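# Structural characterization, general
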Amino acid sequence: VILKHSSQLKKSYDFIIVGAGPGGATTANRLTESAGVNVLLLEAGGANDGVLEIDVPQLCVTLTPNTPWDWNFTTVPQDGLLGRTPPFPRGIGLGGTSAVNCLVYTRGTKSDIDTWAALSGDESWGWDGVLPYFKKSEKFNLPVDGHNVSGQFRAEVHGFHGIIGVSVPGAGRATDDRVIAVTRELEEFPFQVDINSGEHLGIGWTQALIDRGVRSSSKAYLAPKYLNRKNLDVLLHARVSRVLPTDGALFLNSIEFQDGEGGELKHLTASKEVILSAGAVHTPVILLHSGIGDSEVLTPLGIPVLVHNPSVGQNLTDHVGCSITFEVNSTKTLDEVWRKDSLKDALITEWREKKTGLMVDTSENQVAFLRLPDDDPIFETHEDPASGPTTAHFEFLFQNGVFPTKDSGNYFNLPVGAVSPASRGFITINSSDPFAVPLIDPRLLSEDIDIYMVRQGIKTGQRFVAAKAWDGYFIRPLVNLTSDDEIDQYIRENAVSFFHPVATAAMSPVNASWGVVDPNLLVKGVSGLRVVDASVVPRLPAAHTSAAVYGVAEKAADIIKATYPELFSNRATVKA
Ligand SMILES: Cc1cc2nc3c(=O)[nH]c(=O)nc-3n(C[C@H](O)[C@H](O)[C@H](O)COP(=O)(O)OP(=O)(O)OC[C@H]3O[C@@H](n4cnc5c(N)ncnc54)[C@H](O)[C@@H]3O)c2cc1C
């Protein structure tokens, strides 16, 4: 149940979970499948119920930045972006960032996930070990327009009985046929039948986190039928400041939290564990304020050091990129919808009444994952940053219409993102106030191969729009980009985070001298404390990241169940 007030809290809980995004909501749901276990889920934000912008997939573009559903962070000045401080959105409230994201469902490649096994020293974190959990979380559903989906995905790599809705587009776009026609025309853009099969190179139909036309966020794991469980309590507007040891030992099973916005600080203790699922920004922040981190950061701030671990908050990896935009010879673009309230209102009414029409999909009906050629001269001087020879260097999203729209004209937008970046940044703190805004430094484009990937991506995009399949469609690019210098300047002026930070509390082998959690996701150097969210992902897949977090959390739940057999007599088993 969602508690109305903290006075309704039970005297004790077995597990206290912090944060209701994909990491926390999934874990809370799976642990409470067993009636013998009491779980409390704390979330800093509210319920996010009945928010049209959240529920309507196409409105995802309006959810960040600078809205009530976003923590509204920006990065520190980014040298690679000419000193700019772009937004660094993170969702707040039930669903976390999965309530404000752009819904694209991508797992990354087999070699991306196999790298997790190599880095953690635990084979079970490889593709074969994680795939059953991707499937377990997933409820693939047919698109709402009822079109024939054969050749648009591979059923054998999907789950149909999970919790998170995944679907292919449910409304056709004017550009669909042309995008797919390019795959028949130009060899460098092959068709990829399923971008989530472990292989992702080529252009494929978008798979999106949508359940019969409605956004499917991690709130699906907190649907009423789960919230009715007597052993699951959820407390909203409860912001955790620190994790604390019980009786001065290194058993960190207590939390301090602020009860309501600006409310008093309270303490609670879990009999078994505290599980941090506050996301790749807040989890390291909570660890640092709890005294787990680099003593050189903590001591000057007067924070007593419990465990000196310089890895906390480090290794921040994120995707980066920018869009190129082309004016087009068509009025059948989303620009018209964003510009004309009457058109938008009609589509929203259709969505409300029938869950059909353009509002049922996210911004793009197709995506592409593409590589630099194997003999690209960059590899004479730089190591290939991709996880393997079939993992992409850059990604395209094919958007038939720009948001926010321009006063006139119609446009095709091609966001180009470097998806195997070499740059690494960090999250840190510069105040002993646990609620102070953290310092977020993803160091975007700090490695020159990253801007190279975006530059080559833009050039590849220019070849894509020059295909015969587009004859008569494109009028002109919005910005003329020809020389490398021009392109690089454009990138540095326009690139932003593509919103996929991971690895700030990374998983590593038990005895490694780096990393924050072990392969069971237990925080090193203490007991009673685990992390289940994007921060443990040791290497960023060449993919949008929520699928990874659902997979991690489903697996984490089974790890926890196996750790306490006395509590989880009915242990859930995963069917591959
Ligand atoms: C604009 C945007 C677009 C994106 N697009 C996509 C996409 O298309 N596809 C995709 O797969 N991924 C996308 N992502 C990324 C994806 O949503 C995240 O990777 C995923 O949600 C991370 O899950 P998480 O559980 O680690 O953290 P989060 O989802 O961030 O959840 C953390 C939760 O913890 C809460 N919390 C934080 N601190 C505290 C505290 N101290 N006390 C209590 N609660 C706390 C937060 O409020 C939040 O609810 C996007 C992200 C953004 C910002």
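Computed from a prediction, not measured in an experiment: that's the story for all the values here. (Residues numbered from 1 in each chain as written. Predicted model: local features only at pLDDT ≥ 70, side-chain atom pairs only at ≥ 80, totals over all residues. Heavy atoms only, no water.)

### Comments concerning the site of the ligand
Around the ligand sit 39 residues, and of these Glu43, Thr97, Val104, Thr545 and Ser546 come closest. Ala534 places a polar main-chain atom, nitrogen or oxygen, 2.9 Å from an oxygen atom of the ligand. The set of elements that each furnish at least two residues to the shell around the ligand consists of helix H1 (22–31), strand E11 (238–244), helix H7 (279–289) and helix H13 (546–563). Looking at the shell around the ligand residue by residue, the class counts come to 18 nonpolar, 17 polar and four charged. (Near = heavy atom within 4 Å. Polar contact = N/O pair within 3.5 Å; in protein donor to acceptor, adjacent residues only side chain to side chain. Helix = DSSP H or I, 4+ residues; strand = E, 2+ residues; numbered from the N terminus. Nonpolar A, V, L, I, M, F, W, Y, C, P; charged D, E, K, R; others polar.)

### Some points on the pattern of salt bridges
Going through the model one piece at a time under the given rule, you end up with 22 salt bridges. Between Lys561 and Glu33 there is a salt bridge; the shortest N-O distance is 2.7 Å. Separated by 528 residues along the polypeptide, Lys561 in helix H13 and Glu33 in the loop between H1 and strand E2 (39–42) bring together distant segments of the chain. Judged by its relative accessible area of 3%, Lys561 is buried. In this structure, the salt-bridge partner of Lys266 is Asp259, at a minimum N-O distance of 2.6 Å. On the basis of relative accessibility, which here comes to 26%, the residue Lys266 falls in the partly exposed class. A residue is classified by how much of its surface remains accessible, and Asp259, at 18% relative accessible area, is buried. Taken together, the shared-partner salt bridges connect Arg30, Glu33, Lys136, Glu554 and Lys561 into one network. (Salt bridge = Lys/Arg side-chain N within 4 Å of Asp/Glu carboxyl O. Buried < 20%, exposed > 50% of the residue type's maximum accessible area, 1.4 Å probe, protein only.)

### Side note on the nonpolar core
In this structure, Phe15, Leu276, Leu287, Ile292, Leu521 and Leu529 are the most contacted members of the largest nonpolar core, which totals 110 residues. With 10 residues, the top contributor of residues to this core is H13. Residue contacts for Leu287: discarding those within four places in its chain leaves Leu276, Ile292, Val312, Ala505, Val516, Val523 and Leu529. Counting 42 residues, the second-largest nonpolar core is a separate cluster that includes Val182, Phe464, Tyr473 and Ile487. (Core = buried A, V, L, I, M, F, W, Y, C linked by side-chain atoms within 4.5 Å. Contact = heavy atoms within 4.5 Å.)

### So, the packing of aromatic side chains
The final tally for this structure, using the stated rule, is 19 aromatic pairs. Where Phe15 meets Phe568, the ring centres are 6.2 Å apart and the plane angle is 40°; that geometry is what we call tilted. Taken as a pair, Phe15 in strand E1 (residues 13–18) and Phe568 in the segment after H13 lie far apart in primary sequence, 553 residues in all. Like Phe15, the residue Phe568 is buried in the burial classification. On the numbers, 5.4 Å between centres and 85° between planes, the contact of Tyr473 with Phe474 is edge-to-face. Residue Tyr473 shares its accessibility class with Phe474, and that shared class is buried. (Phe/Tyr/Trp six-rings, centres within 6.5 Å; stacked < 30°, edge-to-face > 60°.)

### Side note on empty space enclosed by the protein
The full count for this structure, using the stated rule, is four cavities of 30 Å³ or more. For the largest cavity, the calculated volume is near 100 Å³. Lining the largest cavity are 18 residues, with Val168, Pro169, Gly170, Ile210 and Asp361 positioned closest to its centre. Of the residues belonging to the lining of the largest cavity, the class tally is eight nonpolar, seven polar and three charged. By volume, the second largest cavity amounts to about 50 Å³. Residues belonging to the lining of the second largest cavity are distributed by class as follows: five nonpolar, three polar and three charged. (1 Å grid on protein atoms, 1.4 Å probe; cavity = no way out; pocket = protein on both sides within 12 Å on 5 of 7 lines; lining within 4 Å. Points joined across faces, edges and corners; volume = space filled by probe spheres on them.)

### Some thoughts on the environment of Arg455
The topology assignment puts Arg455 in helix H11 (residues 448–465). On a C-alpha basis, the gap between Arg455 and Asp484 in space is 7.4 Å, while along the polypeptide they are 29 residues apart. Discounting residues that sit within four places of it in the chain, Arg455 has contacts with Asp484, Ile487, Asp488 and Ile491.

### A closer look at the pairing of E1
Residues in a regular strand point their side chains to alternate faces of the sheet. Across the six residues that make up E1, a large majority, six, are buried. As judged from the four bridges shared by E1 and E2, these two strands associate in the parallel manner. By the bridge assignment for E2, Phe15 is matched with Val39. At this point the chain moves from E1, through H1, to the parallel E2, and the crossover so formed is right-handed. (Pairing = 2+ DSSP bridges. Right-handed = clockwise from strand over helix to strand, strands pointing away.)

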